[in-house]
Amino acid sequence: MSTGNADGIGNVRKEELYLASIVLKVPQKQVKVLDHPDLQDGFGKSWNAKLLSKIIKEEIVNCAIDLVITFDNYGVSGHCNHQDVHQGLQKLLQDTSHKDVEAWELVSTSILRKYSGPVDIWLSLLSAKFHLSGVLHCFLNEHPRRSLAAMAQHRSQWVWFRKLFVSFSSYTYVNCIRKIN
């Protein structure tokens, strides 16, 4: 939704995303970075849910998208812009008849689970098995080293604590998504 220009290096971060997509074997034509003046990255810079809803709707229509995966209401790290994207998609799903679009959210975990690395695979699978409200799917990352290599492409952000985060983060090994109703 943005170039990540909070520190004035949006063009660098945009290029880093393209490099990471190459490592992940995502075709470059499927990667799009927006740079809307009202969607500038940063803590304390809230994004308008109505604007996000409009932009998401345009992308769904223009690219014939039938499935969207977003952050949940916590936004994995509590980042306000991640939470705003969730709210924008929620608004779209509430305001329109986009019932032909399937929407899923990445489930945020507790701080303890977040830094438990591959140990969380078992907890995630158990959680999915006994999940009572709605549909929950867990995806195992068969290539965690590829994830590390992709993150390393973000050189402007590849500082010691992010290296530790990616190494010990449960999100490197398993991700659970929940269907948004």
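Residues numbered from 1 in each chain as written. Predicted model: local features only at pLDDT ≥ 70, side-chain atom pairs only at ≥ 80, totals over all residues. Heavy atoms only, no water.

Participant: For the pattern of salt bridges, give the residues involved together with the corresponding values.
Facilitator: For the structure on display, the rule yields seven salt bridges. Among the ionic pairs, Glu 59 bridges to Lys 32, the shortest N-O distance being 2.6 Å. With Glu 59 in helix α2 (residues 49–62) and Lys 32 in the loop between α1 (10–23) and α2, the pair connects residues that are 27 residues apart, well separated along the chain. Relative accessible area serves as the criterion here: at 54%, Lys 32 is assigned to the exposed category. The partner of Lys 91 in a salt bridge is Asp 95, and the shortest N-O contact between them spans 2.7 Å. Highlighted residues: Lys 91 and Asp 95, both in helix α4 (residues 80–95), separated by four residues, approximately one helical turn. A residue is classified by how much of its surface remains accessible, and Asp 95, at 47% relative accessible area, is partly exposed. Here the salt bridges do not stand alone but share partners, grouping Asp 72, Glu 105 and Arg 178 into one network. (Salt bridge = Lys/Arg side-chain N within 4 Å of Asp/Glu carboxyl O. Helix = DSSP H or I, 4+ residues; strand = E, 2+ residues; numbered from the N terminus. Buried < 20%, exposed > 50% of the residue type's maximum accessible area, 1.4 Å probe, protein only.)

Participant: Tell me about helix α7 (residues 144–152), residues and numbers included.
Facilitator: When α7 is considered as a whole, its buried residues turn out to be Ser 147, Ala 150 and Ala 152. If you follow the buried residues of α7, they end up packed against α1. (Contact = heavy atoms within 4.5 Å.)

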